[in-house]
Number of protein chains: 2
Amino acid sequence: MRTALSYLVAARRCEIDELGSLARTCDLIRVVSELVHRLQHERGVSNLFLASKGQQYAELRAQRIAATDTSHQAVLHLLDPEDNTAQFSGGARLYTKIALALHALDELQALRQSVSRLQCNPQANTERYKKLVNVLLALIFEAADVAVDPDISRLLIALFHLMQGKEFAGQERATGGAAFAAGCIGNEQKQSLEFLIEMQDQALQRFESFAGHLNREWQALQASMPLAELQGMRRSLLDSREGKLNRALSDQWFSCCTLRMDELHNVEMHIASVLQQLCRDKTSKLQHELDAQEQVLPAFGDPEAFSPLAAFTTQVSPESLRADSEQGTVGPHLTQAVVDMLHVQSARLQTLTEELAQVRTSLDERKLIERAKGILMTHRGLDEESAYRFLRRSAMDHNRRIVEVAQSVLSLSEVLPGPGKP
Amino acid sequence: MRTALSYLVAARRCEIDELGSLARTCDLIRVVSELVHRLQHERGVSNLFLASKGQQYAELRAQRIAATDTSHQAVLHLLDPEDNTAQFSGGARLYTKIALALHALDELQALRQSVSRLQCNPQANTERYKKLVNVLLALIFEAADVAVDPDISRLLIALFHLMQGKEFAGQERATGGAAFAAGCIGNEQKQSLEFLIEMQDQALQRFESFAGHLNREWQALQASMPLAELQGMRRSLLDSREGKLNRALSDQWFSCCTLRMDELHNVEMHIASVLQQLCRDKTSKLQHELDAQEQVLPAFGDPEAFSPLAAFTTQVSPESLRADSEQGTVGPHLTQAVVDMLHVQSARLQTLTEELAQVRTSLDERKLIERAKGILMTHRGLDEESAYRFLRRSAMDHNRRIVEVAQSVLSLSEVLPGPGKP
């Protein structure tokens, strides 16, 4: 009985440890989300700097770089391998994404240098920052996918979709900003803008479907966002027949988009706080239950007498157990209480596992589409946008869901390895 | 770069640690499988002892009890909480099942006492041992369900189905043995025998579908089993119109069934060895890759110079990096090698996760059916056999799969909580 109880307690401790790792992952997610926001801001100002041929925004850019560096340091501090290795949830999979993120961040200095020397145009610059942001987003996605608690996993997925929506908003700001700065917009740029707006809407819808009780606050917040102004400026970008734009609107566009991104970032920070609080609440609930269990343990008397192997050396007879029971130390009611605890715990863990499987299923579709896009990009030399358009067009042409087309692309790629027709 | 590499290495170490826990779980599974086999043997001899009203088999029974105790001690030794807590794979879920198993094993002394005092009949005795065996089988099932490696999970599932098949064979031996000893067989006993034979066949078919390359050895082994003799005796049990049986066949039945169970147990032990070898092979492969990675690390120079925060204090310029590259210490080819390693690792972990999800799906149907049976047993007061028959009959009546009926039972039980019509 004592050994059984030890394992009941060990199971609870395991859960507490896992939540502890998850809490540290949530801390990491918070600083990564901050870093992404600052990288987006730095990217925006870098583009203004590049567009002005280095004549303007140098000081603002230096401020943004310093802000990014503060966040970057915070991330590195949390990830210092001397302190924290093996302390995050998710094991090998999360660590691999962390390694990829750290490696991508190593490129940041070289990227900035080429901006300072005006060696790249805003478009190429946007692409390079975008890659960096995507690697960090992949880290958030992985954290959501490997989280061992369904509530926390759901919120991490909500956060991921929100961050992805905001990243599309950032790319929209860059594309629109370049057009306003140039005073004109081409058809290709218009298509890109439409694509980015559609992707934004999709990501924010997904966010809403996972946000649960945060949706009410989200609805309230949206009322305070400059959405009408944004819509108006989007129209002037997309509806300009001749492609002529009013350059004077450049600043208004930038600050309107930036305001919206800042508001979205506030929601991200709110979710990060809710996540941290959720980890604390769940941990203290489990700790409370563990304390209750540990109070039961001493009722089973001297640990030595009840060590598992002692049963063979001392031969506890049923009579002696009955005597114990009459003395009230190992009563049948106590035994029953332990068995009940075990069954409740077993059922609870089973429910958790099933909920988690359900939450993860919703990530599987996204993974399929991402992998199909990757194959199209490699095998047909498409960029991300064109790869997605290809999937969507095929889906519309054949009256199928995008995920079904993605599945076909993957199946075909297994049959036809190497670059070729997908 | 160095921090990125540290996490690449940490990811690999994580995988090695997980395989280490899994290897310890496989060690545990081996001794549990041995214990189940000995409990089945002890149960068989106990029934012979009870049937002879304690006049025969006392010495054989004492031998079997001693053999069981050796296995029981081996299990407890592996599970000694002072040494091993938190060292098995699967965390809270496996620990909870371990606690349940240990608790069930605590009842063994009392069970034996009631046999010694002839306080129960063979049927009741079989039921009590059956419960104990089922708790141990649930432990094997959980180990299969929480294993983090698809190959190992698949073999654990094969082992579980094989053990379940053997347990049905043990129950068949007990039921048939009681009939031969009594010299007659009733319709209810015949139905039970048919049920046990059907369940055995199902379990062994499932075993075959997971056994992979072990199937060839399994086919060869089956040729050496006393299957023809068993079929003959089964016919004499099931086809006896008047229900009259030749008591003299009692011993032959027992030894024929026992021989088959021993052969099945040899297969179990073989699978347990293959599992242990698989863990060792996989671990040494990962260790080999880790060693290769760790050889790359020193190429990145003094750890101090490359600590993540150093980048902010010492300001490594692109020029100095280029110089390093020319000296051949941090060459771009090396960087590319690391990025490739990261992408290969990331893709490999993703594939592992997907394979694992596929393997686990196959366990989900079984879980559904078990839960539906449990609800029928609680709400309608059915025994396990009748609950299964109910599901099967409903499936046949409505031309549906058993798992679909099980799903309906579960959905209904959510709508109609508490005992009632399922």
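Residues numbered from 1 in each chain as written. Chains lettered and ligands numbered in written order. Predicted model: local features only at pLDDT ≥ 70, side-chain atom pairs only at ≥ 80, totals over all residues. Heavy atoms only, no water.

**As for the pattern of salt bridges**
Residues and elements named next belong to chain A.
And then number 1: If you walk through the whole model with that rule in mind, you get 50 salt bridges over all chains.
And then number 2: R38 is the salt-bridge partner of E34, the closest N and O atoms lying 3.4 Å from each other. Note that E34 and R38 are positioned in helix α1 (residues 2-51) at a spacing of four residues, about one turn of the helix.
And then number 3: The class for R38 is partly exposed, based on a relative accessible area of 22%.
And then number 4: Its salt-bridge partner being K373, residue E370 comes within 3.2 Å of it at the nearest N-O pair. Remark: K373 and E370 occur in helix α14 (residues 332-380); sequence separation between them is three residues, near one turn of the helix.
And then number 5: Overall, E370 belongs to the partly exposed group, its relative accessible area being 29%.
And then number 6: Sharing partners across several salt bridges, the network here consists of R93, E142, D145, D364 and K367. (Salt bridge = Lys/Arg side-chain N within 4 Å of Asp/Glu carboxyl O. Helix = DSSP H or I, 4+ residues; strand = E, 2+ residues; numbered from the N terminus. Buried < 20%, exposed > 50% of the residue type's maximum accessible area, 1.4 Å probe, protein only.)

**Description of the relation of the copies chain B and chain A**
And then number 1: Overlay of chain B on chain A (RMSD 0.1 Å): rotation 180°, translation along the axis 0.0 Å. Here the copies are linked by what is in effect a two-fold axis. Measuring from the rotation axis to each C-alpha of chain B, the shortest distance belongs to B:A357, at 4.6 Å.
And then number 2: Taken together, the interface assignments show that 100% of the residues at the interface of chain B recur at the interface of chain A, consistent with an identical surface on both copies. (Least-squares fit on C-alpha atoms with pLDDT ≥ 70 in both. Contact = heavy atoms within 4.5 Å.)

**Remarks on helix α5 (residues 108-116) of chain B**
And then number 1: The set of residues buried in α5(B) consists of B:L108, B:L111, B:R112, B:S114 and B:V115. The buried residues of α5(B) occupy an angular sector of 160° when the element is viewed end-on, so they sit on one face. (Arc of directions from axis to C-beta.)

**Some details on the packing of aromatic side chains**
Aromatic ring pairs: the centre-centre distance and the angle between the two ring planes describe each pair.
And then number 1: Applying the stated rule across the entire model yields 10 aromatic pairs over all chains.
And then number 2: Measuring from ring centre to ring centre gives 5.6 Å for A:Y95 and B:Y7, while their planes differ by 75°; the resulting arrangement is edge-to-face. Separated into two different chains, A:Y95 in helix α4 (residues 91-106) and B:Y7 in helix α1 (residues 2-51) make up a pair that spans both.
And then number 3: A:Y95 gets classed as buried once you look at its relative accessible area, which sits at 0%.
And then number 4: For B:Y7, a relative accessible area of 0% corresponds to the buried category.
And then number 5: With 5.1 Å between their ring centres and 65° between their planes, A:F141 and A:F160 make a pair best called edge-to-face. Here A:F160 lies in helix α7 (residues 150-182) and A:F141 lies in helix α6 (residues 122-146), a separation of 19 residues in the sequence.
And then number 6: When its relative accessible area of 2% is taken as the criterion, A:F160 is described as buried. (Phe/Tyr/Trp six-rings, centres within 6.5 Å; stacked < 30°, edge-to-face > 60°.)

**Digging into the packing of α7(A) against helix α10 (residues 227-238) of chain A**
All names here are of chain A.
And then number 1: Across the interface, α7 lies against α10 with an axial gap of 11 Å and an inter-helix angle of 55°. When the axis of α7 is compared with that of α10, the two are oblique. Crossing hand, α7 versus α10: left-handed. Across from E172, G176, A179 and F180 in α7, the residues of α10 making contact are M233, R234, S236 and L237.
And then number 2: Its residues assigned to classes, the contact of α7 with α10 comprises four nonpolar, two polar and two charged. (Axes fitted to C-alpha atoms, helices over the stretch in contact; angles between N-to-C directions. Parallel < 35°, antiparallel > 145°, perpendicular 65-115°, else oblique. Left-handed = near helix turned anticlockwise from the far one by under 90°. Nonpolar A, V, L, I, M, F, W, Y, C, P; charged D, E, K, R; others polar.)

**Digging into unusual backbone geometry**
All names here are of chain B.
And then number 1: Even without being a glycine, Y57 presents a positive backbone phi close to 65°.
And then number 2: By secondary structure assignment, the location of Y57 is in the loop between α1 and α2 (58-79).
And then number 3: The exposure class of Y57 is partly exposed, given its relative accessible area of 24%.
And then number 4: Even without being glycine, N399 reaches a positive phi, approximately 55°.
And then number 5: With respect to the helices, strands and loops of the structure, N399 is situated in the loop between α15 (384-397) and α16 (402-415).

Don't take any of this as a statement about function, it's just geometry.
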